[in-house]
Amino acid sequence: MKLGYNIIVKILIFVQLFLIFSCRTNKVPKNGHLFIDNKYKYIDKKGKPYLDNYGSPFLNKKGKEIINEYKNPFEDELESYVKQKSNKKILFIVPLGLWLYDFSNPTFDSVYAEYYAVNQKQRNQKLLDSLYVKYNLKNYIGKSRWFDRFYYNNGEAPVLVDSLVSKTSSKNIQQYFKNRGWRKSIVNDSIITTGKKAHVLYSIKLGRPMLMDTITYDIADEIKDDLYSHYLKRIRQTKKKRSHSQELSKNEFIYNIFNKGSYVKKGDRLDAYVIDNEISRLENRFKNMGYYRFNDLKDEVIYYVDTAKNVYDVSVRLSIKKKQLSSVANSSDTVKKDTLVNKFKRFKYNKVNVILLDNENRDNSKNTIDSSFYVSTKKIVKLVDGKKTKVMAKDTIAFIVNHLGNKYKNRVLADMLAIEKGHSYNLNSETRTRRNIYKVNNFNILGFNTVPEKDSDSTLISNIILSPMDKYSYELGFEAFNSGVVNFGVTPNLTFTVKNLFGGAENLSVSFGGSLGNIKSKKNNNNKIFNASELSAQASLSFPKLILPFNAKSFIPKAWGPSSAISLGYNAQYNIGLDKRNYNTGLLYNFNPTRSTIHQITLWNLQYTQFLNPNNYFNIYTQDSKVRNNIYGLYFQQYPSAKEEYDKNHNDNDLLFQIQNNTDFQDYLRSTHIDLANDYDLMEFRRYRFTQNVLISSFKYDFTYDQRLRYFPGNHPFYLKAQVELAGNLLSVFNKTLKDFTTSNNKTIKQIFGVPYSQYVKLDFDLRKFWIFTGKKSFNARLFAGIGIPYGNSFSMPFDRSYSVGGPSDVRAWKSFGFGPGSSKLGGKDGYELIAIDNFKLLTQIEYRFPFLSNGFEGALFADAGNVWGINNNSLNKFEFNSFYKELGIGGGWGIRWDISNFIIRFDFAYRFHDPRRDENDRWYFKYINLLKPQVNFAIDYPF
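The chain carries the name Surface antigen in an unreviewed UniProt entry, which gives Apibacter mensalis as its organism. Taken from UniProt, the Subcellular location (unreviewed entry) comment for the chain reads in full: "Membrane".

The next thing to look at is the packing of aromatic side chains. Throughout the structure, instances matching the rule amount to 71 aromatic pairs. For the ring pair Trp 869 and Phe 879, a centre distance of 5.3 Å and an interplane angle of 75° mean the geometry is edge-to-face. Note that Trp 869 is positioned in strand S29 (residues 857-869) and Phe 879 in the loop between S29 and strand S30 (889-900), a separation of ten residues in sequence. The interplanar angle of 85° and the centroid separation of 6.2 Å between the aromatic rings of Trp 869 and Phe 884 together place this pair among those described as edge-to-face. Here Phe 884 lies in the loop between S29 and S30 and Trp 869 lies in strand S29, a separation of 15 residues in the sequence. Pairwise contacts between aromatic rings join Tyr 42, Tyr 70, Phe 74, Tyr 81, Tyr 176, Phe 177, Trp 182 and Tyr 273 into one cluster. One cation-aromatic arrangement involves Arg 812 over Phe 862; the distance from NZ or CZ to the ring centre is 3.9 Å. Positioned over the ring face of Tyr 942 is Arg 849, at 4.3 Å from the centre of the ring.

The next thing to look at is the environment of Lys 409. When you line up the elements, Lys 409 lands in the loop between strand S9 (387-402) and helix H11 (410-415). Linking Lys 409 and Asn 500, residues 91 residues apart in sequence, is a C-alpha distance of 9.9 Å. With residues up to four places along the chain from it excluded, the contact list for Lys 409 reads Phe 502, Gly 503 and Gly 504.

On to the pattern of salt bridges, then. Under the defined criterion, the tally for this structure stands at 47 salt bridges. Put simply, Arg 346 and Asp 226 hold a salt bridge, and the shortest N to O gap is 2.4 Å. Taken together, the positions of Arg 346 in the loop between helix H10 (337-341) and strand S7 (348-356) and Asp 226 in helix H7 (residues 221-241) put the pair 120 residues apart, joining distant regions of the chain. Judged by relative accessible area, which is 24%, Arg 346 ranks as partly exposed. A salt bridge links Glu 300 to Lys 322; the shortest N-O distance between them is 3.1 Å. You can see Glu 300 sitting in the loop between helix H9 (272-287) and strand S5 (301-306) and its partner Lys 322 sitting in the loop between strand S6 (313-320) and H10, a full 22 residues away along the chain. Assessed through its relative accessible area of 9%, Glu 300 is described here as buried. Since its relative accessible area comes to 17%, Lys 322 is described here as buried.

The rules we used
Residues numbered from 1 in each chain as written. Predicted model: local features only at pLDDT ≥ 70, side-chain atom pairs only at ≥ 80, totals over all residues. Heavy atoms only, no water. UniProt positions renumbered as here; feature names shortened; annotations may be inferred. Phe/Tyr/Trp six-rings, centres within 6.5 Å; stacked < 30°, edge-to-face > 60°. Helix = DSSP H or I, 4+ residues; strand = E, 2+ residues; numbered from the N terminus. Lys NZ or Arg CZ within 6 Å of the ring centre and 35° of its normal. Contact = heavy atoms within 4.5 Å. Salt bridge = Lys/Arg side-chain N within 4 Å of Asp/Glu carboxyl O. Buried < 20%, exposed > 50% of the residue type's maximum accessible area, 1.4 Å probe, protein only.

Written out as structure tokens, the structure is:
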């Protein structure tokens, strides 16, 4: 698609004006130059051989030239090592601060400098007048010059290029590349001026990198013996089950265990940053195997590099050894001398003390307390008369000091622990324990420390000191919003929480919320500011354990932080759509095997949706009203008596049911008005979906994996959420005893108490990838796919389980429910576009985030694409693999985010690029874009 001539002229004029005003230099000193930016030039070209000092190519062991495989390596990180930064720019190109500063009159710069140097309370007209006198500007006495002062105070003085700073920056860059493995890198800086402007060019010659030719492991004997003995024990147990298991020698085993999963690989570039990451990985690994305080002083894990034989193909040796100390007389550590000096040992928890203090009586020593060992029972295998037999044995977990007596059961305190008496020290388990305590949401952690036991070289004491949270708490919230239905609205809400309801850390949370909004439609054609409302109430009772009729600790251990919740809710809409009522209840289980993995099982979810005003359907969905009127016109021509009856009662349900069952008229309609018949079928399909009361009884499983929560997330983490929901299968068992129900579009299904139940399977897949760069920049991508398949007792998905597109976290160039399904041109007026739903959805989003203006603010550039389609063979907007891309709604734009202590307030401004509702040859939207009229989205948190 070609842009029109007028648009091209406008763009050229805008570019010219921008270039004229972008970097004004009115206030740049006579001998100074405005610093524009830093540029980087790599001398070494990818694909060319490395050359020595004499210009000859380096050769490898096979006599072949060594080729440069890098193109501008780590260029995006260099800005962090350059000290001089240019004036801040909005969207990378607009130096707003410099503009404002430049607009202020330079005659008053000295006056303003002193004026804004004093405390704000001391700034007044009297001070300003005294400065006018001081700088011989008496003619301005009594004048505020507010606008001029505003430009100066909110502007940014021009940044001048500084050769000393650029020299320092070139040394920083050179050292950075040496740490990255280019030992002989050379970085030179030069200042290039154009008029009153300048930029700094850094010429980077990296040369041949250092590669790790060999990697050896010098590990302390006690570690090798310990690891190998555990390996032999495990492999010999495996041999009894699988005879083909093969034992490795000690050296082979040690090589494998340190090489597998290592960031440091033979043949890779020698990179100090990679080595640091590998040392951190080893620290975490050994601390999780029982090695307490492993490398805490950073002197036990060291990588040695040998460049004596070759400075490019180097030998690397990993050393894990205890440092020999000349004296430990001054050490305050209670671990024995041989442990500190020359031996690694695995530590075990000999005591785990959980102390629950009383907030009301701070002198807890005088309280009557419940102090006891918490003992549980577990199955163990024991030899009885020479035979292996499973028996129940008592297992001491922790020593509980409960100053609150019966207010909290000791079981609750013990079940939060992922560490136990007699278990090996494990850093991850201590982290899990903290996470479980926070998850229970009943206790504050006053102290959590693990120390060596006195006069012992291998046992630990862990002391966990807790205090109870306030039993009663409440939260008030208030939000403003807009959507495809509501022009604008406000949402107040109140949440009241009661902790430790029954003494087992159960929490009862009751929320009351609502919204007041403005809707413009035929039904609400009045001048009231708020003509629609919504009320909701939700109660949830949570338990810090799984509510099951059997003990599940054998396959879901307490270290996973299992929890349960029973919920009950109600939601009512007034003057919104069809005045829907929603009743729901459910039983949910949640557990976290790792810090990055969440499993959530909704064992039973029951939802009843009721529409109180279904007769309002055609007042809202105006496109379907037109289809209805056309059908009525044809029907009344053939059956005038039907019109007389309709004029009396205006009952759409009765008349449409009559039309549906009139086979003669149906045959006539489909033989003479095919397009209208198709529209009629869609209208009836939608009308049933939007007006039919429905009962949903479902099972749902959610799996979430978020690499960003790992100990070592890396620079490219990803996020995965998968969900499956099965509905109606349990109720279908009783179909033979259930009564039939005839729908508004003349289909027969089963019902319970006059309400049909839904039966379907729903699958969602949400994949996100994050590329984290330096300078708080990131590139983020998302792919979402979801499908709902009705079957059995359902021929369509319930409205609440259908898919739609548009909105602040979807395709942002449209409001919620803004387009679709497929290339459908249907859409209601006055904000009601709710017909844009269907059973299959694809959505992809990309977003580049970067620092913006000042600390706490972030900018974004984004693009979204997606749509919904039908999946049935008779769907007019069915998903077709060979043409779906032609029906994608595509939009993009820019956004501003404000980070207030990890609370993100987001504004996104989006434009439509490709509109599937238009004719196929006119869907690209660029020529219709009005930069001053974006789709404005306001939301909390990131879109993904």
